[in-house]
Structure formats: structure tokens, C-alpha cells
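Residue-level structural notes
Below are the chains, spelled out letter by letter.
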Amino acid sequence: MLETLSQLNVLPRSLVVTEKAEFGLARTKAGLRLATWAKEADSPAFNGFEGERSEHAGGMLLLGPTNPHNAHGLRAHLPWLKPMTLGLRTSAGLGDRLGLATPGHVRAVRAVREHRDIAPIFAQQSIREMMRTGRSPQQVMDDATWGIFAEGWREGMGADADHLKTTADIDACVAAGFTFFTIDPGEYVNNSAETMTLADLCAAVDKLPSTLQYPISTRSVQSKSFDVEGYTITFDEHTLLKAAVKYGRAVAHVAAMYRRLMQATGGRNCELEVSVDETETPTSLAEHVYIASELRRLGVQWVSLAPRYIGRFEKGVDYIGDVATFEADFAVHAAIARQFGPYKLSLHSGSDKFSIYSVAARQTRGLVHLKTAGTSYLEALHTIAALDPALFREIYVFARERYEDDRASYHVSAQLSRAPLPQDVRDAELPNLLDQFDAREILHVTFGSVLTEHTADGRPRFYEHFMGLLRANSEAYAANLERHFLRHLRPFVETRQ
Ligand code: ZN
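Presented here is a report on the structure given in the accompanying data block.

Thresholds, definitions, all that
Residues numbered from 1 in each chain as written. Predicted model: local features only at pLDDT ≥ 70, side-chain atom pairs only at ≥ 80, totals over all residues. Heavy atoms only, no water. 1 Å grid on protein atoms, 1.4 Å probe; cavity = no way out; pocket = protein on both sides within 12 Å on 5 of 7 lines; lining within 4 Å. Points joined across faces, edges and corners; volume = space filled by probe spheres on them. Helix = DSSP H or I, 4+ residues; strand = E, 2+ residues; numbered from the N terminus. Nonpolar A, V, L, I, M, F, W, Y, C, P; charged D, E, K, R; others polar. Donors = N, O, S within 2.8 Å, 3.2 Å for Na, K, Ca; no water. Buried < 20%, exposed > 50% of the residue type's maximum accessible area, 1.4 Å probe, protein only. Bend = angle between axes of the 7 residues up to and from the residue. Contact = heavy atoms within 4.5 Å. Pairing = 2+ DSSP bridges. Right-handed = clockwise from strand over helix to strand, strands pointing away. Axes fitted to C-alpha atoms, helices over the stretch in contact; angles between N-to-C directions. Arc of directions from axis to C-beta.

**Observations regarding empty space enclosed by the protein**
- In the structure shown here, the tally under the stated rule is 4 cavities of 30 Å³ or more.
- Within this model, the largest cavity holds a volume of roughly 190 Å³.
- Along the walls of the largest cavity sit 21 residues, with Asp 162, Lys 315, Ser 349, Thr 372 and Ala 373 positioned nearest its centre.
- For the lining of the largest cavity, the secondary-structure elements that each account for two or more residues are strand S7 (119-126), helix H3 (127-133), strand S8 (158-164) and strand S15 (368-372).
- Looking at the lining of the largest cavity, its residues break down into 2 nonpolar, 11 polar and 8 charged.
- Each pocket or cavity is described by its volume, and for the second largest cavity that value is around 40 Å³.
- Lining of the second largest cavity is provided by Arg 13, Ser 14, Val 16, Trp 80, Leu 81, Ile 148, Phe 149, Gly 152, Trp 153 and Arg 154.

**Topic: the coordination of the zinc ion**
- Summarising the metal site, the zinc ion is bound by the protein donors His 163 (NE2), Asp 277 (OD) and His 348 (ND1), whose distances to it range over 2.0 to 2.5 Å.
- Of note, the zinc ion draws all its donor residues from one chain, in the sequence arrangement H-x113-D-x70-H. Linking His 163 in strand S8 with Asp 277 in the loop between strand S12 (271-275) and helix H9 (285-297), this pair joins segments that are 114 residues apart in sequence. No difference in accessibility class separates His 163 from Asp 277, as the two residues are buried.

**Some remarks on helix H13 (residues 389-406)**
- Bending of H13 peaks at approximately 35 degrees at the position of Arg 400.
- Turning to H13, its buried residues number three or more, namely Leu 391, Phe 392, Ile 395, Tyr 396, Phe 398, Ala 399, Arg 400, Tyr 403 and Asp 406.
- Buried-residue contacts for H13 involve H3, helix H12 (374-387), helix H14 (437-445), helix H15 (447-452) and helix H16 (463-472).

**Observations concerning the pairing of strand S14 (residues 344-347)**
- Burial along S14 is two-sided: Lys 344 and Ser 346 and Leu 345 and Leu 347, pointing in opposite directions, are all buried.
- Here strand S13 (residues 304-306) pairs with S14 via 2 bridges, running parallel. Bridged to Leu 305 within S14 is Leu 345.
- With respect to chirality, the unit in which S13 leads through helix H10 (residues 323-339) into the neighbouring parallel S14 is right-handed.
- As judged from the 3 bridges shared by S14 and S15, these two strands associate in the parallel manner. Bridge pairing in S15 places Leu 347 opposite Leu 370.
- With helix H11 (residues 357-364) bridging S14 and its parallel neighbour S15, the resulting β-α-β unit is right-handed.

**With respect to the pairing of strand S9 (residues 180-183)**
- Alternating residues of S9 divide into Phe 180 and Thr 182 and Phe 181 and Ile 183, and every residue in both groups is buried.
- With 3 bridges joining them, S8 and S9 adopt parallel strand pairing. Within S9, the residue paired with Asp 160 across the bridge is Phe 180.
- In this fold, the crossover linking S8 to S9 by way of helix H5 (residues 167-175) has right-handed handedness.
- Relative to S12, S9 runs parallel, the two sharing 4 bridges. Within S12, the position partnered with Phe 181 by the bridge is Leu 272.

**Notes on the sheet that holds strand S6 (residues 91-94)**
- With parallel pairing, 8 strands are arranged side by side around a closed barrel as S6-S7-S8-S9-S12-S13-S14-S15. With strand direction ignored, the average angle separating the axes of adjacent strands in the sheet is 25 degrees.
- Contacts from helix H8 (residues 237-265) reach S8, S9 and S12 within the one sheet, and its direction differs from that of S12 by about 160 degrees.
- On top of the sheet, helix H17 (residues 474-494) reaches S6, S14 and S15; it is set at about 170 degrees to S15, its chief contact.

**Considering the side chain of Ser 449**
- Mapped onto the fold, Ser 449 is located in helix H15.
- You can call Ser 449 buried: its relative accessible area is 12%.

**Topic: helix H6 (residues 198-206)**
- Every buried residue belonging to H6 is among Leu 201, Ala 204 and Val 205, and all of these are buried. Along the long axis of H6, the arc covered by the buried residues comes to 100 degrees, so they all point the same way. Along H6, the residues that are exposed and aim more than 90 degrees away from the buried face are Ala 199 and Asp 206.
- Here the buried face of H6 lies against H8.

**Some thoughts on the layout of surface pockets**
- Taken as a whole, the largest pocket holds about 1000 Å³ of empty space.
- As for the largest pocket, its lining consists of 41 residues, of which Leu 32, Gly 99, Leu 100, Trp 146 and Arg 471 are closest to the centre.
- Among the elements of the structure, strand S2 (21-28), strand S3 (31-38), helix H2 (102-112), helix H4 (137-151), H15, H16 and H17 are those that each provide at least two residues to the lining of the largest pocket.
- Among the elements that line the lining of the largest pocket, the one with the most residues is H4, at 7 residues.
- When its residues are assigned to classes, the lining of the largest pocket shows 18 nonpolar, 13 polar and 10 charged.
- Of the volumes computed, that of the second largest pocket is approximately 320 Å³.
- What lines the second largest pocket is a set of 15 residues, and nearest its centre among them are Glu 379, Leu 434, Asp 435, Arg 440 and Arg 487.
- Those elements that place two or more of their residues in the lining of the second largest pocket are H12, H14 and H17.
- Considering each element in turn, the lining of the second largest pocket owes the most residues, 4 residues, to H17.

This is the structure in C-alpha cells:
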């Protein structure tokens, strides 16, 4: 019925036809509208929806806004739109700063799943990124809901409440229906342990939280050697104390966050990731064993862990470091994850790490989670650079002004002096800025400023224009995203494990 109502212009992949009702996403002059049709005016198909009703095709039609109320209603009617847990399946998180990227993400995932299963997370943002873009956990969730509905994705998705630091973060994301909770205890990691003397370490261990019931920190691993698939990891006194001082408080924080999560969800439909990726010094193999055995001892269950790997994982650019050295170290991390779990190893800041994807897929034997978010914004810029060079140029000039402030909480090494000057780049070459290392990082970390900058009279400086272009050219944006993420996902489904 809906598909025959040509004036509604329903997106073909969104159409859901059940025995009694039809649901779809209609393109109207006022933007996308939820369309629900049923023969009976009092059909339960209209429950939970708001909008305008009219008689259509021998039945009742409701056209409603794509607002939170209707997103909630739609998830109740079409259960495959609800987020789910993914367990140990190979998975990829495709975060979306703008709320418009999910259709392109779906297309990339759909294309690679013809080779091998990979479980997607389409709703994913860290609290930090939500703050910077002025979005709430519920908005992030709802934007993903509309995106998978538009594309007719019925294979399920995870929803990652990323880099949670406080119990209030947990509560907000549980309320919005997230299912994957990434706990970031980075603030509790004591990087100075690296250089402490044995005496300093002994003193510092005494100050660890009582919840760890010292000398616990030592109880589960003390004076032990672990054989991890033929690789020996030995805890001598110094190694053990350093691990405890460096990660003891972080472990205690994760355990407290985990208990809060269990309390808030009753343990239903949720899974945990632990991430220490945004810390100064790499997580040694022994420290990985310490973290895993201590979390287990404290009753924490988790599906994935993001150590801080060796080398540099900067935002939006390839891995910086020697790949062979990385592989040798990563292989043992993967073995530890099998033996002490099994759980997945998670690759944070995973965008554009093309040189290590096949290493990660092979060494983990598919027990791996890839996390990306920021380059979906860069693909939006890529789209805009071709559509409206003047707008893109203005954004680049502004991003250069903002970079030194905005880079503070990100791992980037771009230097303004190495990025091309705006006046030196011709319009036709503007998209190439996204391939230049420094310009790419500068554009990557300034998204929050670009999206929330206001003019002197209080109007958004870029936002409306930026989003309007992407909405009007949604196919171009989706095509760019699909191409970009095929390069990310293919190694994970094509590498022999
Ligand atoms: Zn991270």
C-alpha cells in the first residue's frame, strides 16, 4: 500500500509490510516522515506513534515526525531495530558524530557480510563526543534507529556507550537503551609507576583502594609464571608491584562501574568493554594479565578489552610504528585474551589503521572489535568539499584556528606549519586536503567546534548549511561512507584466521 502511494515517496528499503499494517520512511517536502498505514483506524499499528492521520488507500495513514517518541514506538513495533548484545562475534563499531551516517555504514557492513559474519554497532559515541556535538545518548540511539530503518537492516545491531567515566554516564546510557558499555578507567591509571623504584612501588601499593583488599592485588598473580600458548609471562616482585600500582585503581574503578551497570540493567541485554587505550604508556603483556586476572577475581565479566598497544594510534591516520614489532606484541595480547577469557581485543581509534587490520584479524582469530567514529565526519567533509568548495574552505580556515585548543584531549601529532595554507589550495584540490596527514588530523579533531560554532548574532555558523547539504545529497554521503568503510571491514572478513 505505502509503496503504491507515490506522493509519499517511501524509501524502498524502509518498507515493512505485515499482515495488518505497513511501515515506511517517506521523503516529503518537510523532510523524512514516518509513514504508518493500516486498514483499521483503531489498529494497534498506530500505538506509540504521533502525527497526522488521513484516509488513504481504503485505510488510515499516519504521517509523523522522526522524533524520539516515534523512534521509541518504531522499536516497539519492529523488534529488530532494538539494540542487542553481540557476544564474541567479530564486530565493528561505526560511530557517527552527525546522526546521518548510519545508511552508509549499513551498506558497507551489508556488502562485507556476504563473505563472513561481522556484527555491527551503529549507535556509538563517547560521552566526550556527545558533549562536543551537543547530542544526548537518546539522540545518538534514535539517529541509528532511523538509519537502519531507512536501509531495511534487520540483522541486529549493538549500541556502544563509549568511554564512560562515571556512574552518571552509565545511568544516562542505560536509560537510552544502549547495550554495549565501554568503561574507561584511564584517569585511574598511574603512568608514573613506569619509573618508580621498588621502594616507591611498595609504598604506593599500600595506598591502593581497600576494595581491592590488598594484598590482593597480589593474591591472584603473585610469584607466578604463566604459560600463554608457549610464551612465558613471569611476575617477579617488580613486575607485579608496577602492574598493581599502575592499574590497581583502574581495576577497582571498573569493578565499581560494572556493579552499577548490573544494578541498573539487572544484567539483561548488556555487555562490557574495558578500555585503557587513551593512556600514556603501553600496556605490557604482564600488565594485561594482571588486569584480566584482577577483573575476573572481582567478578567482572567483559566481552572485550582495549589495552594501550605499542606504537601510535592517532586519530584518522594509519598506524605509526613498526608493523612487525606490533604484530609480535599483539600476538601475545591475543593469546592472553583467549586464555584469560576468551574475550575480544578491541582496536580503538581504529579508523584508517590499514596496515594492521589483517594482523589484528589473523592474530585474534576473529576475536576482535574494531572501533571507529571520527572518519565518518571526515567523509562528510569529503562530500561537502565536492559539493560546496567555499563552505569546505571556510571550515578548513576555521579548523586551523581551533586546532591548538581542540587537539588537547586527542592523540594527534599534526602541526599547523606542515598543513597546506588555505590560499595555496585551488578549489578542485580541496578534497585532497583530507589525504594530507596534518590537514586530516586538524579537520578530524575540530568537529565539535565546527558543528557548534555560532555567529555573533547567535545563529549556527556552519551547522545548518553543513547538515542541509548532507541531507539533500544523502546518496553521495552514503556512497563515500560505503567506499571508506569497505576498506576498513574487508580485511576482517577476508583475512585467513
Ligand atoms: Zn578509545
